[in-house]
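# Working through the structure, step by step
If you want the building blocks of each chain, they are given just below.
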Amino acid sequence: MTSTELAKKFNVSRGMITKIWYDSNLKGKEHNTSHTTEIDICGQVFGKWTVLYKTDKRNTGGVIYWHCKCECGTEKDVLGTSLRSGRSLSCGLHSNISKGNVKIADILDAANISY
Ligand SMILES: [Zn+2]
């Protein structure tokens, strides 16, 4: 999606979209070691996950795994893309989240397949 399309979709100026992109990428660019721009999400909360720290693990697409702690105390390495897209919201042991769906999303991410 281009900035023009985004501007149209959210009914804002193209300059605004460019600024948001620039701001959100700024941190990632400074520490960018792979071809994937990764925003520092340390300390952020996604669903029941709290991001503790960045791991050295990457999937085949170069996406960073973040070490997260679930509300229930379970700790796991989760892909940054899964966290930000909302596909992984907890350790998967909670009744309101389908364990199967989370697993499939993880596999697709690991294989770097867009769906
Ligand atoms: Zn949990």
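All of these numbers come straight from a predicted model, not from anything done at the bench.

## With respect to the coordination of the zinc ion
- The protein atoms that coordinate the zinc ion are Cys 70 (SG), Cys 72 (SG), Cys 91 (SG) and His 94 (NE2), at distances of 2.1 to 2.3 Å.
- Because the angles between the four donor atoms bound to the zinc ion fall within 97 to 120 degrees, the donor set is best described as tetrahedral.
- In the primary sequence, the donor residues of the zinc ion line up as C-x1-C-x18-C-x2-H. Within this pair, whereas Cys 70 is found in the loop between β3 (64-69) and β4 (75-79), its partner Cys 91 is found in the loop between α3 (80-85) and α4 (99-110), the two being separated by 21 residues in sequence. Each of the two residues, Cys 70 as well as Cys 91, counts as buried.

## Quick look at the sheet that holds β3
- Pairing in this open sheet of four strands is antiparallel, and the strands run β1-β2-β3-β4 from one edge to the other. Taken across any chain shown, the strands that pair with only one partner, and hence form the sheet edges, are β1 (45-46) and β4.
- By the bridge criterion, five bridges tie strand β2 (residues 49-58) to β3 in an arrangement that is antiparallel. By the bridge assignment for β3, Thr 50 is matched with Lys 69.

## A word on the pairing of β4
- Relative to β4, β3 is paired through five bridges, and the arrangement is antiparallel. Bridging across to β4, His 67 finds its partner in Asp 77.
- Hairpin connection between β3 and β4: a loop of five residues separates the two successive antiparallel strands, and Gly 73 in this loop has a positive phi of roughly 105 degrees.

## Focus on helix α1 (residues 3-10)
- All of the buried residues in α1 are Ser 3, Leu 6 and Ala 7. The buried residues of α1 occupy an angular sector of 100 degrees when projected down its axis, which confines them to one face. Residues Lys 8 and Lys 9 are exposed on α1 and point more than 90 degrees away from its buried face.
- Positive phi shows up at Asn 11, right after α1, with a value of about 55 degrees.

## Overview of the confidence of the model for the protein chain
- Per-residue confidence for the protein chain gives a mean pLDDT of 81; residues scoring 70 or more make up 74%.
- Across residues 30-35, confidence stays below pLDDT 50; counting only partners more than four residues off in sequence or on other chains, it has five contacts.

## A short note on unusual backbone geometry
- For Asn 11, which is not glycine, the phi dihedral falls at a positive 55 degrees.
- Among the structural elements, Asn 11 can be located in the loop between α1 and α2 (14-30).
- Relative accessible area serves as the criterion here: at 71%, Asn 11 is assigned to the exposed category.

## With respect to the packing of aromatic side chains
- Considering all chains together, one arrives at zero aromatic pairs under this definition.
- For Lys 57, the ring lying beneath its charged end belongs to Tyr 65, and the centroid distance is 5.0 Å.

## Let's talk about the pattern of salt bridges
- Scanning all chains against the criterion turns up two salt bridges.
- A salt bridge links Glu 71 to Lys 48; the shortest N-O distance between them is 3.5 Å. On the criterion of sequence distance, the pair formed by Glu 71 in the loop between β3 and β4 and Lys 48 in the loop between β1 and β2 is long-range, its members being 23 residues apart.
- For Lys 48, a relative accessible area of 24% corresponds to the partly exposed category.
- For the salt bridge of Lys 57 with Asp 77, the shortest nitrogen-to-oxygen distance reads 3.2 Å. Taken together, the residues span a long stretch of sequence, with Lys 57 in strand β2 and Asp 77 in strand β4 at a distance of 20 residues.
- The class for Lys 57 is partly exposed, based on a relative accessible area of 42%.

Thresholds applied
Residues numbered from 1 in each chain as written. Predicted model: local features only at pLDDT ≥ 70, side-chain atom pairs only at ≥ 80, totals over all residues. Heavy atoms only, no water. Donors = N, O, S within 2.8 Å, 3.2 Å for Na, K, Ca; no water. Tetrahedral: all angles 85-135°; square planar, octahedral: opposite > 155°, others 65-115°. Helix = DSSP H or I, 4+ residues; strand = E, 2+ residues; numbered from the N terminus. Buried < 20%, exposed > 50% of the residue type's maximum accessible area, 1.4 Å probe, protein only. Pairing = 2+ DSSP bridges. Arc of directions from axis to C-beta. pLDDT = per-residue confidence, 0-100. Contact = heavy atoms within 4.5 Å. Phe/Tyr/Trp six-rings, centres within 6.5 Å; stacked < 30°, edge-to-face > 60°. Lys NZ or Arg CZ within 6 Å of the ring centre and 35° of its normal. Salt bridge = Lys/Arg side-chain N within 4 Å of Asp/Glu carboxyl O.

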